[in-house]
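As a plain string of letters, each chain reads:
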Amino acid sequence: MTSAEIIALADRYLCPTYARAPLALVRGQGTRVWDADDKIYLDFFSSTVVTNLGHQHPAIVRAIETQAHQILHVSNLHYCEPQARLAEKLVQSSFADRVFLCNSGAEANEAAIKLARKYGHAQGGGRYEVITAYNSFHGRTLATIAATGQEKVRVGFEPVQQGFRYAAYDDVDAVEQAISPRTIAVLVEPLQGEGGIVGPAPEYFQALRGLCDRHDLLLMFDEIQTGMGRCGTLFAYEQLGVAPDVMTLAKGLGAGVPIGAMLAAAPLASVLDKGSHGSTFGGNALTCAVGLAVMEVLQGEGVLANCVAMGERLSAGLRALATKHPLIKAVRGRGLLIGVELTQPGGPVVDRCLAAGLIINCTANTVLRLTPPLTVSAAEVDEALAILDKALT
Ligand code: PLP
């Protein structure tokens, strides 16, 4: 099928939930992707910050092939080795003691919210409220749109799930003021991705940790976008000098297969006990085999060092562009999660980049989001900068 045919078919039969660009992809290799008309693009979006290892990474292809020849799915009423080994790997690589596996970011956050509530109820005193940040993004299910600190995601879906309060991001006093006798947890992103690549200084998180400890609240980090090497360390919290009690992951954990995870430290780790939560597909044999391969690549092949080096190269190049393009207001981010704030909406720049063969994204209306694979090369970074230079003119 041609791109036009695929687009027409999709627009006819799919619910019109997404503002899609007219791009139908059929193949990817490393940082490059091909559309159905065989036009080639540089993928500096990693398909919504998911394909952190690029397309067709040999270790991922191998893991999928090997697992497909063994068993794809094992019921969660039974055991399978990839699931056990991925959980072990996640625990051994983080602050956590146990893992709940699911299929998406929103589901991982649902698990975190349920854990917080169950913990609150188990303690007595009826604490169930979760404080989140304005401008945050935590997913599209009913509970996670309530957790998301942006009114626009809730419009039309009222009544909104109760039990959430919001506080300004990067403002510990605001969180303190939002605490009520019913508060049990604080859920924040180490860096707001959808909110415009906004990252507070580590002091904010250290103060937040202290506040949570003083008020006996759980500190929960949504690392669905920032985790899995995206910010230059396996998890972004490693750069903040604090560890959370709960962390959620998805996106890059599966390198393109759908998997999410909720990690919890003892003594919370066993709060979601038998029968209290579950998922048919959660952590199945295929997705866990891939998740394990992702972890092994991230920990073993210099990918994190490349992320840091290429993040610096891309940021430096963008700062140089800022000196000649008054359209650029700010360049910010960590590792290869980079935002370029413009003085006007970014949509037209994204469109011009696409026409010139570079896929990027715009979030929070005016912020170009650049998130190439962590395996991106220096030549590809330079090529993207050259396209951006023209697109900004
Ligand atoms: N949390 C954050 C920080 C995200 O960036 C996203 C997705 O963009 C989600 C949660 C929701 O993840 P999913 O779309 O996999 O449900």
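Anything mentioned here points back to the structure above.
All of these numbers come straight from a predicted model, not from anything done at the bench.

How each quantity is defined
Each residue is numbered by its place in its chain's sequence as written, counting from 1. Residue-level local features of this predicted model are given only where pLDDT is at least 70; pairs of side-chain atoms are given and counted only at 80 or more, and the full residue set underlies all totals for whole chains, interfaces and linings. With hydrogens and water stripped out, all remaining heavy atoms of the structure feed into the side-chain values. Any residue with at least one heavy atom within 4 Å of a molecule or strand is counted as near it. Polar contact is the term for a pair of N or O atoms within 3.5 Å; when the atoms are in protein, one must be able to donate a hydrogen and the other to accept it, and sequence-neighboring residues count only if both atoms are side-chain atoms. Accessibility throughout is a Shrake-Rupley quantity obtained with a 1.4 Å probe, and a residue counts as covered only by protein chains that appear here. Two strands qualify as a pair provided DSSP detects at least 2 bridges between them. Numbering of helices and strands runs from the N terminus; a helix is a DSSP stretch of H or I covering at least four residues, while a strand is a stretch of E covering at least two. Every axis corresponds to a line fitted to the C-alpha atoms, with the helix fit spanning only the stretch in contact, and the corresponding angles, defined between N-to-C directions, vary from 0 to 180 degrees. Side-chain rings of Phe, Tyr and Trp (the six-membered ring for Trp) are treated as a pair once their centres are within 6.5 Å; stacked means planes under 30 degrees apart, edge-to-face means over 60, and tilted covers the remaining angles. Summary of the burial criterion: residues with accessible area below 20% of their type's maximum are buried, those above 50% are exposed, and those between are partly exposed, where the area comes from a 1.4 Å probe applied to protein chains only.

Asker: How should I be thinking about the site of the ligand in this particular structure?
Answerer: Taken together, 13 residues lie near the ligand, and Gly-105, Ala-106, Asp-222, Gln-225 and Lys-251 sit nearest. A distance of 3.3 Å separates a nitrogen atom of the ligand from a polar atom in the backbone of Phe-137. Here an oxygen atom of the ligand sits 2.7 Å away from a polar atom, N or O, in the side chain of Gln-225. In isolation the ligand offers 390 Å² of accessible surface; the protein chains occlude 82% of this area.

Asker: What am I meant to see in the sheet that holds strand β15 (residues 367-370) here?
Answerer: Consider a sheet: its strands pair through backbone hydrogen bonds, and that pairing is either parallel or antiparallel. With antiparallel pairing, the four strands of this open sheet are ordered in space as β11-β12-β15-β14. Across the chains shown, the open sheet's two edge strands, defined by having one partner strand only, are β11 (328-334) and β14 (361-363). Taking the axes of each pair of neighbouring strands and ignoring which way they run, one obtains an average angle of 30 degrees across the sheet. Here strand β12 (residues 337-342) runs beside β15; their pairing, made up of four bridges, is antiparallel.

Asker: Looking at this model, I keep getting lost on the packing of aromatic side chains. Mind explaining?
Answerer: Counted according to the given criterion, the structure contains six aromatic pairs. Look at Phe-205 and Phe-221: their rings are 5.7 Å apart centre to centre, the planes differ by 85 degrees, and that puts the pair in the edge-to-face class. Of this pair, Phe-205 sits in helix α8 (residues 202-214) while Phe-221 sits in strand β8 (residues 218-222); the two residues are 16 residues apart in sequence, bridging distant segments of the chain. Take Phe-205 and Phe-221: they sit in the same class, and that class is buried.

Distances and angles like these do not, on their own, reveal function.
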